Amino acid sequence: MQKIGSYDFSGKKALIRVDFNVPFNENMEITDDTRIRAALPTIKRVIEKGGSPIIMSHLGRPKNGPEDKFSMRHIVDHLAQLLGVTVKIAPDCIGEATKKMAQELKAGEVLVLENLRFHKEEEKGDEAFAEQLAANGDCWINDAFGTAHRAHASTAIIAKFFANDKMFGYLIDSELESLKKVLESPARPLTAIMGGAKVSSKITIIENMLDKVDNLIVGGGMAFTFLKARGGNIGNSLCEDDFIETAKTIEKKAKEKGVQLIMATDVLAADGFSNDANTQTVPSNNIPDGWQGLDAGPESIINMKKVIEESGTILWNGPVGVFEFENFAKGSLAIAEAIVAATKKGAFSLIGGGDSVACINKFGMADDVSYISTAGGALLEYLEGKELPGIAAVLK
Ligand code: AMP
């Protein structure tokens, strides 16, 4: 394995796997280019060191071969603008014509390959397809953290054709560095805030976290399965009855491991799932029938804030209320504020996994935390303790 910071790109064609799976509006204009910007440092490094970046990515979910709306050509102009250099588009991601374009690239010129998923072999992790992709470059850089949990041809299988010339890009490097700060050498106390709708989707993460954290805040819809497991009356709140036993086991394990498990003691309950529903603050173990807990209550907010503000490391995954409704966003806002306050005092804070990122962006606090992960599923699998094929392929 090589390091991008010390690799000699001079005269080399560098195949870079990025995640340019960006959203478009109906006029095929990019509505959020965060993923493209995230890969710029890696692309620029190759150019600065005299190499030629060859960009490969998937875009959307094409079903049966090429489809214009999923063509990478819709990305080329924007990328050229961001980089300030000419960017060419290849007719395909494999084949002679593409290979020829790649070979003829001059130093500093950028080539974007056509959508990898126009070939079903990509997602199948087909080795012959990976070999054809590999034929376009002299080295392989994996900078697509968002797809690192997939053993696809371009994200993992391709590695075997670059035994001595494979490396992570800057984005994956910084994602891994941030995750290590949380999972391997955290400044104590380490607090994980797990929220969101369902226990079932986060259960493996919670179990894995119990071995690492000092404090575990369980909030949002998933807390009610735990509260019911304790014998509380949760009214019409979200609950996964199949996970009551799991919730009990987790409580037991947390006690055994000395992890402080923090849950709402009071909740803001609503008489319907709507921003305009009637509300009342009630004890979290005594929610009247017909009412559902949609946010943490004021007492809970104070308790959660205190734990977060005293933490040395914080991981936030999932809102503690229905933050999309303004009237039920107070809990999540308070969490975000506490994380920002702790970060100001020197704590390391990592926000990741979909909705908590949406939260922190909505509250305009993205610049006031230590790191925001770009990944969804890949981050969750990493937090579950799983080996990610796209990471393992580079390290091996
Ligand atoms: P997840 O994708 O599992 O992280 O869940 C995020 C979703 O959980 C968000 O859309 C929130 O609105 C929702 N959520 C958070 N708290 C609650 C709650 N108490 N009841 C219902 N949904 C909730």
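For the structure itself, consult the block above.
Residues numbered from 1 in each chain as written. Predicted model: local features only at pLDDT ≥ 70, side-chain atom pairs only at ≥ 80, totals over all residues. Heavy atoms only, no water.

1. A look at the overall build of the protein chain
Part 1 of the reasoning: Scanning the protein chain for helices and strands turns up 14 helices and 15 strands.
Part 2 of the reasoning: Scaling as 2.2 N^0.38, a compact globule of 396 residues should have a C-alpha radius of gyration of about 21 Å, and the protein chain matches this with 23 Å.
Part 3 of the reasoning: Viewed in the frame of its principal axes, the protein chain has a C-alpha envelope of about 70 × 45 × 35 Å.
Part 4 of the reasoning: Split into buried and exposed, the 396 residues of the protein chain put 56% on the buried side.
Part 5 of the reasoning: Partitioning the contacts of the protein chain with sequence separation of at least 6, the portion at a separation of at least 24 is 73%.
Part 6 of the reasoning: By element, 47% of the accessible surface of the protein chain is carried by carbon and sulfur atoms, the whole surface being about 16700 Å².
Part 7 of the reasoning: Each charge class in the protein chain was averaged separately, 44 positive and 54 negative side chains, and the resulting centres sit 4 Å apart. (Helix = DSSP H or I, 4+ residues; strand = E, 2+ residues; numbered from the N terminus. Rg over C-alpha atoms; globule rule 2.2 N^0.38 Å. Buried < 20%, exposed > 50% of the residue type's maximum accessible area, 1.4 Å probe, protein only. Contact = heavy atoms within 4.5 Å. Areas by Shrake-Rupley, 256 points an atom, 1.4 Å probe, with all protein chains shown as cover. Lys, Arg positive; Asp, Glu negative; His and termini not counted. Charge placed at Lys NZ, Arg CZ, Asp CG, Glu CD.)

2. Topic: the environment of Val46
Part 1 of the reasoning: For Val46, the position within the fold is in helix α1 (residues 34–48).
Part 2 of the reasoning: With 42 residues separating them in the primary sequence, Val46 and Ile4 have C-alpha atoms 8.6 Å apart.
Part 3 of the reasoning: Contact partners of Val46, with chain neighbours within four places excluded, come to Phe9, Ala14, Ile16, Gly51, Ser52, Pro53 and Ile141.

3. With respect to the packing of aromatic side chains
Part 1 of the reasoning: Applying the stated rule across the entire model yields three aromatic pairs.
Part 2 of the reasoning: Here the aromatic cluster, defined as three or more aromatic residues joined through ring pairs, consists of Phe273, Phe325 and Phe328. (Phe/Tyr/Trp six-rings, centres within 6.5 Å; stacked < 30°, edge-to-face > 60°.)

4. Thoughts on unusual backbone geometry
Part 1 of the reasoning: At the junction of Arg188 and Pro189, the peptide bond is cis and its omega measures out at -5° in the coordinates.
Part 2 of the reasoning: In this structure, Met28 is a non-glycine residue whose phi angle is positive, near 60°.
Part 3 of the reasoning: Assessed through its relative accessible area of 27%, Met28 is described here as partly exposed.

5. Examining the pattern of salt bridges
Part 1 of the reasoning: Using the criterion set out here, one finds 18 salt bridges in the structure.
Part 2 of the reasoning: Put simply, Arg37 and Asp33 hold a salt bridge, and the shortest N to O gap is 3.0 Å.
Part 3 of the reasoning: Judged by its relative accessible area of 46%, Arg37 is partly exposed.
Part 4 of the reasoning: The partner of Glu127 in a salt bridge is Lys160, with the nearest N and O atoms 3.1 Å apart. Of this pair, Glu127 sits in helix α5 (residues 127–134) while Lys160 sits in the loop between β5 (139–142) and β6 (166–168), and the two are 33 residues apart along the sequence. (Salt bridge = Lys/Arg side-chain N within 4 Å of Asp/Glu carboxyl O.)

6. What about the site of the ligand?
Part 1 of the reasoning: In the neighbourhood of the ligand, 14 residues make up the surrounding shell, with Ala197, Lys202, Gly293, Glu324 and Asp355 lying closest.
Part 2 of the reasoning: One of the side-chain nitrogen or oxygen atoms of Lys202 is found 3.1 Å away from an oxygen atom of the ligand.
Part 3 of the reasoning: If the ligand stood free it would expose 510 Å²; the protein chains cover 81% of that surface.
Part 4 of the reasoning: Grouping the constituent residues of the shell around the ligand by class yields six nonpolar, five polar and three charged. (Near = heavy atom within 4 Å. Polar contact = N/O pair within 3.5 Å; in protein donor to acceptor, adjacent residues only side chain to side chain. Nonpolar A, V, L, I, M, F, W, Y, C, P; charged D, E, K, R; others polar.)

7. Concerning the sheet that holds strand β9 (residues 260–263)
Part 1 of the reasoning: On the basis of which strands lie adjacent, the open sheet formed by six strands has the order β9-β8-β7-β13-β14-β15 and parallel pairing. Lying at the two open borders of the sheet, with one neighbouring strand each, are β9 and β15 (371–372).
Part 2 of the reasoning: For strand β13 (residues 313–317) and strand β14 (residues 348–351), the ladder comprises four bridges, and the chain directions are parallel. Of the residues in β14, the one forming a bridge with Ile314 is Ser349.
Part 3 of the reasoning: Here helix α11 (residues 330–344) sits on the sheet and contacts β7 (190–194), β13 and β14; the angle it forms with β13, its principal contact strand, is near 155°. (Pairing = 2+ DSSP bridges. Axes fitted to C-alpha atoms, helices over the stretch in contact; angles between N-to-C directions.)

8. Notes on the state of the cysteines
Part 1 of the reasoning: Summed over the entire model, instances satisfying the criterion amount to zero disulfides.
Part 2 of the reasoning: No disulfide involves Cys93; its sulfur sits 18 Å from that of Cys139, the nearest cysteine.
Part 3 of the reasoning: Of the residues examined, Cys93 reaches a relative accessible area of 0% and is grouped as buried. (Disulfide = S-S within 2.5 Å.)

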